[in-house]
Structure formats: structure tokens, C-alpha cells
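Reading the structure
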Amino acid sequence: MAARYLIFEDGSIFAGEGFGSPAVTFGEVVFNTSMTGYQEIITNQVYNNQIVVFTQPNIGSYGIQRNIYESIVPTIKGIIIRSISDAANDNDRQLTLDKYLQQMNIPGITNIDTRAVVHKLRKAGRPLKGSIVPVPDDHAFDQLHATVLTNQQVAQVSTPKPYPNPGTGLSVVVIDFGLKHGILRELSRRKCNITVLPYTATAEEILRLDPDGVVLSSGPGNPQNVRKSVLEMIQTVQTKVPLFAIGLGHELFGIANGANVQQIPVEHHGMNHPIHEIITDHVVYATQAEGYTIARNSVDRSQLFITYVDMIDDSVQGLRHRRYPAFSVQFFPDGAPGPDETDGLFDEFVDTMNRREARH
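Predicted, not measured: the structure shown is a model, and the values here were computed from it. The residue numbering used here restarts from 1 in each chain and proceeds along that chain's sequence as written. This being a predicted model, a pLDDT of at least 70 is required before a residue's local features are given, and a value of 80 or more before pairs of side-chain atoms are given or counted; all residues contribute to the totals for chains, interfaces and linings. The side-chain values count all of the structure's non-hydrogen atoms but skip hydrogen atoms and water molecules.

Some details on the pattern of salt bridges
Oppositely charged side chains can pair when the atoms bearing their charge come close. In plain terms, the rule: Whenever a carboxyl oxygen of Asp or Glu lies within 4 Å of a side-chain nitrogen of Lys or Arg, that contact is scored as a salt bridge. The way it works is that DSSP assigns letters per residue, a run of H or I at least four long becomes a helix, a run of E at least two long becomes a strand, and they are numbered from the N terminus. Here's how the labels work: a residue is buried when its accessible area is under 20% of the maximum for its type, exposed when over 50%, partly exposed in between, all with a 1.4 Å probe on protein chains only.
Using the criterion set out here, one finds 11 salt bridges in the structure. When the shortest N-O distance is used, the salt bridge between lysine 120 and aspartate 10 registers 2.5 Å. Taken as a pair, lysine 120 in helix H3 (residues 114-124) and aspartate 10 in the loop between strand S1 (3-8) and strand S2 (13-20) lie far apart in primary sequence, 110 residues in all. Note on aspartate 10: relative accessible area 48%, which makes it partly exposed. The salt bridge partner of lysine 180 is aspartate 334, with a shortest N-O separation of 2.4 Å. Highlighted residues: lysine 180 in the loop between strand S11 (171-176) and helix H6 (181-189) and aspartate 334 in the loop between strand S19 (326-329) and helix H10 (344-359), separated in sequence by 154 residues. As far as burial versus exposure is concerned, lysine 180 and aspartate 334 are alike and both buried. Connected via shared salt-bridge partners are Glu70, Lys180, Arg185 and Asp334.

Let's talk about the packing of aromatic side chains
Condition: Working definition: a ring pair exists when centres of Phe, Tyr or Trp rings (six-membered ring for Trp) sit within 6.5 Å. Plane angles under 30 degrees give stacked, over 60 give edge-to-face, the rest tilted. Ring-over charges, as used throughout, are those where CZ of Arg or NZ of Lys falls within 6 Å of the ring centre and within 35 degrees of the ring normal.
Here the structure, examined in full by the defined rule, presents seven aromatic pairs. A centroid spacing of 4.4 Å and a plane angle of 25° characterise the contact between tyrosine 38 and tyrosine 62, whose relative ring orientation is stacked. Linking tyrosine 38 in helix H1 (residues 38-42) with tyrosine 62 in the loop between strand S5 (58-59) and strand S6 (78-80), this pair joins segments that are 24 residues apart in sequence. For tyrosine 38, a relative accessible area of 3% translates into the label buried. Judged by its relative accessible area of 26%, tyrosine 62 falls in the partly exposed class. In this arrangement the basic side chain of lysine 120 is found over the ring face of phenylalanine 8, its NZ or CZ atom lying 5.4 Å from the centre.

Some points on the sheet that holds S2
The condition is simple: By the convention used here, strands pair only if DSSP detects at least 2 bridges between them. In this description, a line fitted to the C-alpha atoms serves as the axis of each element, helices being fitted only across the stretch in contact, and the angle between N-to-C directions of two axes falls anywhere from 0 to 180 degrees. Note on contacts: a residue pair is in contact if any heavy atoms of the two residues lie within 4.5 Å.
Strand order in the closed barrel made by the seven strands is S1-S2-S8-S6-S4-S3-S9, with mixed pairing throughout. Taken pair by pair, the neighbouring strands of this sheet meet at an average axis angle of 35°, ignoring direction. Across the sheet, helix H2 (residues 97-104) is in contact with S2 and S6; its angle to S2 comes to roughly 90°. Against the sheet, H3 engages S1, S2, strand S3 (25-32), strand S4 (50-54), S6 and strand S9 (128-133), with an angle of about 90° to S3.

Concerning the UniProt feature "binding site: L-glutamine" (unreviewed entry) in the protein chain
Using the following cut-off: UniProt positions are given in the numbering used here, feature names are shortened, and annotations may be inferred rather than shown by experiment.
Mapped onto this structure's residue numbering, the UniProt feature "binding site: L-glutamine" (unreviewed entry) falls at Gly219, Gly221, Leu248, Gly291 and Tyr292. Across 74 residues in sequence, these annotated residues keep their C-alpha atoms within 11.6 Å of one another, forming a single compact spot. Mapping glycine 219 onto the fold places it in the loop between strand S13 (213-216) and helix H8 (228-237). Given the relative accessible area of 8%, glycine 219 is considered buried. Among residues more than four places away in sequence, those in contact with glycine 219 are Val46, Phe177, Gly178 and Leu248. The exposure class assigned to tyrosine 292 is buried, which follows from its relative accessible area of 15%.

Following this line, the structure appears as C-alpha cells:
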């Protein structure tokens with residue numbers, strides 16, 4: 001493997017060896033503490049414009065699986081790992097991680113002191129802009145400093161046109177802000193007839209399909225950079241049909257109902273994260289990938305109540321509307337990767353739609 005370097009905007013340099021694509025890449029550098037599930041993480045659109053450092057020291061010990069993609073064309077900017085395994089061999093049905101990254105034009109760098117990188121990111125208290133380059137010279141740093149990362153990530157990853165995911169049960173519209181396929185899998189397991197719409201869909205376009213319910217998907221970036229018409233759509237749709245919001249969708253649901261969001265100093269990316277379910281006083285474990293959170297003191301208690309909180313930093317992890325059948329969670333109830341003990345939220349959504357159908 002050829003020498004490659006991870007450089008940061010503050011001038012720091014970490015030397016390693018390249019794998020995957022040889023391309024030069026730029027992005028925000030964040031870290032993920034998950035022990036497994038690197039394929040789902042790499043293909044999750046929440047990592048648009050980001051370079052992910054894996055704290056698990058050995059990555060690549062199993063091949064790319066054809067049935068666990070979270071998106072078909074990932075937009076992650078690169079991955080950083082301590083050690084790459086070649087235990088999985090290329091064959092007709094399975095690719096190694098190295099070969100997959102080559103096909104997707106995603107650069108990787110290994111033999112990096114990932115603990116030192118993570119300590120650096122924690123100390124910074126924010127994502128740092130970084131680059132994977134073949135030579136850490138002045139030109140590489142000039143390019144890094146000159147690079148402006150878009151704040152319109154949702155526009156980059158949302159589907160441009162509607163498409164169906166047919167089923168035989170309840171009709172569900174999914175608004176794509178950077179959709180994880182895990183959401184579609186969970187709805188399909190419940191036989192839902194799904195139509196995926198772009199994030200630009202209006203309330204009129206959604207309701208014209210006569211859905212039994214609407215899901216606001218997860219996605220990347222700052223929710224405050226999403227166009228204001230999305231908030232207007234949510235404000236109308238939540239009064240008409242059951243609504244379930246996840247990740248970025250949860251943040252937008254909160255903003256649409258008067259709450260504010262704030263940036264997390266050190267982003268949460270990992271699985272088995274302890275979450276307190278307030279109504280039952282139970283602790284559940286879930287997968288998180290978040291850079292923003294609902295500001296707890298901004299929640300209008302006449303409109304919303306808090307259903308879940310993070311047991312580590314007490315941040316808001318779930319909301320429910322007091323008047324409408326609408327609720328949301330910050331974490332990923334589909335797991336993918338991670339624990340599936342919160343997938344009952346999809347059953348709750350289906351039950352809410354069935355109760356509405358019975359009344360009509």
C-alpha cells in the first residue's frame with residue numbers, strides 16, 4: 001500500500017497507508033465507536049461530506065454483504081482505521097472492503113493512530129475539516145483551507161423523483177432527507193405499501209396520495225439549513241395523518257413545533273447508546289448518529305412532551321405531540337447497525353395508523 005496522509009485544517013499530520021480509492025478527499029472528520037456494522041455506517045447518508053474514524057481497531061474482517069446496504073451510492077468522503085483485515089476474499093458474490101471502496105471511489109487510510117485522532121477531535125469539541133492526501137505539502141494544506149463544504153447536504157442525497165416500495169398493507173409516504181434503507185426494511189416487514197418522496201414534497205403532494213401515515217427520514221447536516229417550506233409541510237401533515245420522524249426528521253419535527261436545535265460539541269456516532277424511556281422508566285439501547293440536538297429548554301410543553309432522553313448527556317432523544325398523532329426519535333429505531341430493541345416504535349406507528357383507519 002502506498003503512503004497516505006490525514007491532514008487537518010490546524011496543520012496536524014497523521015501518516016498512514018492508503019487503501020480503497022487513491023482519490024484526494026476533503027470533509028469533516030468525525031469518529032464512530034461501533035464495534036461492527038462498518039458497511040451500514042459507510043453507506044449511511046448521514047455521513048455525507050464527512051470522513052469517519054472507526055475506533056474499533058480492526059475493520060474489514062468480513063466482506064461486503066449485498067443485503068445490508070443503507071444506500072446504493074454512499075456519499076461518505078473517506079474512512080480512517082487502525083488496521084485493515086484481508087480475511088474476506090473477493091468472490092462472485094462478495095467484495096472485500098478495499099475492493100468496494102475502490103468501486104465507490106471512497107478513499108481509506110490505515111495504520112493510523114486512531115486513538116490520537118479521536119483525542120484530538122474530543123479536545124477540539126467540534127468536527128474538524130480534514131483531507132486524505134498522497135503528500136502533505138503546502139499545496140495540500142492550501143487546498144484544504146480553500147475548500148468550502150456545502151451546507152445543502154439534504155439536497156445532495158434526497159431522491160430527485162418519487163419511487164414506490166410496494167406492499168400489501170397500510171399506505172405510508174416516506175420523505176427522503178437522506179433515507180436509510182433500514183427504515184424501508186422495517187416498514188416492509190410490516191407489509192406497508194411505501195412511496196418515497198423528495199424532501200421538497202409539499203403537504204398537498206403528500207396528502208394527494210391519501211397516505212395512512214408519513215415518515216420523516218433521517219439525514220445529514222444542520223436542520224437549520226433545510227428550506228423553510230419543509231417546516232410548513234410538517235405543520236400541515238401532522239394535523240392530517242399519523243407522523244413518525246427519525247434523526248434529522250425528528251429535529252425538523254421539533255423545529256416545526258417551536259423548538260430550537262443546538263450543535264453537539266462532540267458528535268454522537270455509535271451503537272449501544274443508553275436511552276431513558278420516560279413513560280416506562282426503562283433503559284433501551286440504540287444506535288446514534290447525530291451532530292445536533294433539540295435544546296431541552298426550548299421545547300414548548302403546551303405543544304410537545306419529551307419521551308426519551310440520553311442517559312449520558314441528558315439530551316432530548318424523543319418527542320410526542322400533545323394534540324396530534326405525531327412522534328419522533330433522534331436515534332435509529334431500525335438499528336442497522338446496532339440493537340433492534342427500539343424497533344417496536346414501528347409497531348407503534350402502525351398501530352396509530354390502524355386506530356385512525358378504524359375511526360374512519
